[in-house]
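# Breakdown of the fold
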Amino acid sequence: QVQLVESGGGLVQAGGSLRLSCAASGRAFSSYVMGWFRQTPGKEREFVAHISRSGSVSAYAGTAEGRFTISRDNYQNMMYLEINNLKPEDTAVYYCAADSRPRQPSTIPKEYETWGQGTQVTVSS
């Protein structure tokens, strides 16, 4: 089973940019569909973006479209989430997740088997 560790979060002013990283170790990284989710206190974990095993297909939540870019490097066992023009409402803990099952990428958190510990993103206005 793959293990996931996120990094790259921090405190940033509105309008700034961040690149979150997700480092994977363990089984073949390229066999996993990968996703980014985020969560704020008292709210459900919400889908941000997912990417196919090869990295050729990705999809975004409506709130992420246009400002977020998901990518992966299967040689380096890494996944990334670049966020531009950050807004205070982007403040959340961001999690990367992996799904090894042979199906299309999902937007539903419970369909992902493995999660990282999360990285905090705080956007000040």
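Each remark here, short or long, concerns the structure printed above.
What comes next concerns the included structure. (Residues numbered from 1 in each chain as written. Predicted model: local features only at pLDDT ≥ 70, side-chain atom pairs only at ≥ 80, totals over all residues. Heavy atoms only, no water.)

### Considerations on the nonpolar core
In this structure, M34, W36, M79, L81 and Y94 are the most contacted members of the largest nonpolar core, which totals 28 residues. Counting six residues, the second largest nonpolar core, distinct from the first, contains V33, F37, F47 and A61. (Core = buried A, V, L, I, M, F, W, Y, C linked by side-chain atoms within 4.5 Å. Buried < 20%, exposed > 50% of the residue type's maximum accessible area, 1.4 Å probe, protein only.)

### Some points on the sheet that holds strand β3 (residues 18-25)
Pairing is antiparallel in the open sheet, where four strands are placed in the order β1-β3-β8-β7. Among the strands making up the open sheet, the edge pair consists of β1 (3-7) and β7 (68-73). Shown here is a sheet whose adjacent strand axes are inclined to one another by a mean of 15 degrees, direction ignored. (Pairing = 2+ DSSP bridges. Helix = DSSP H or I, 4+ residues; strand = E, 2+ residues; numbered from the N terminus. Axes fitted to C-alpha atoms, helices over the stretch in contact; angles between N-to-C directions.)

### Observations regarding the environment of K110
On the secondary structure map, K110 appears in the loop between β9 (92-99) and β10 (114-115). Along the backbone, K110 and R45 are 65 residues apart, and their C-alpha atoms lie at a distance of 9.8 Å.

### Describing the pattern of salt bridges
Here the structure, examined in full by the defined rule, presents six salt bridges. For the salt bridge of D90 with R38, the shortest nitrogen-to-oxygen distance reads 3.0 Å. Taken together, the residues D90 in the loop between β8 (78-83) and β9 and R38 in strand β4 (residues 33-39) connect sequence positions 52 residues apart. Pair check on accessibility: D90 and R38 agree, each one buried. A cluster of three or more residues bridged by salt bridges with shared partners is formed by R38, E46, R67 and D90. (Salt bridge = Lys/Arg side-chain N within 4 Å of Asp/Glu carboxyl O.)

### Some thoughts on the pairing of β3
Pairing of β1 with β3 involves five bridges; the strand directions are antiparallel. Among the inter-strand pairings, E6 is bridged to a residue of β3, identified as C22. Sheet topology note: the β3/β8 ladder contains six bridges and is antiparallel. Counterpart to L20 in the pairing with β8 is L81.

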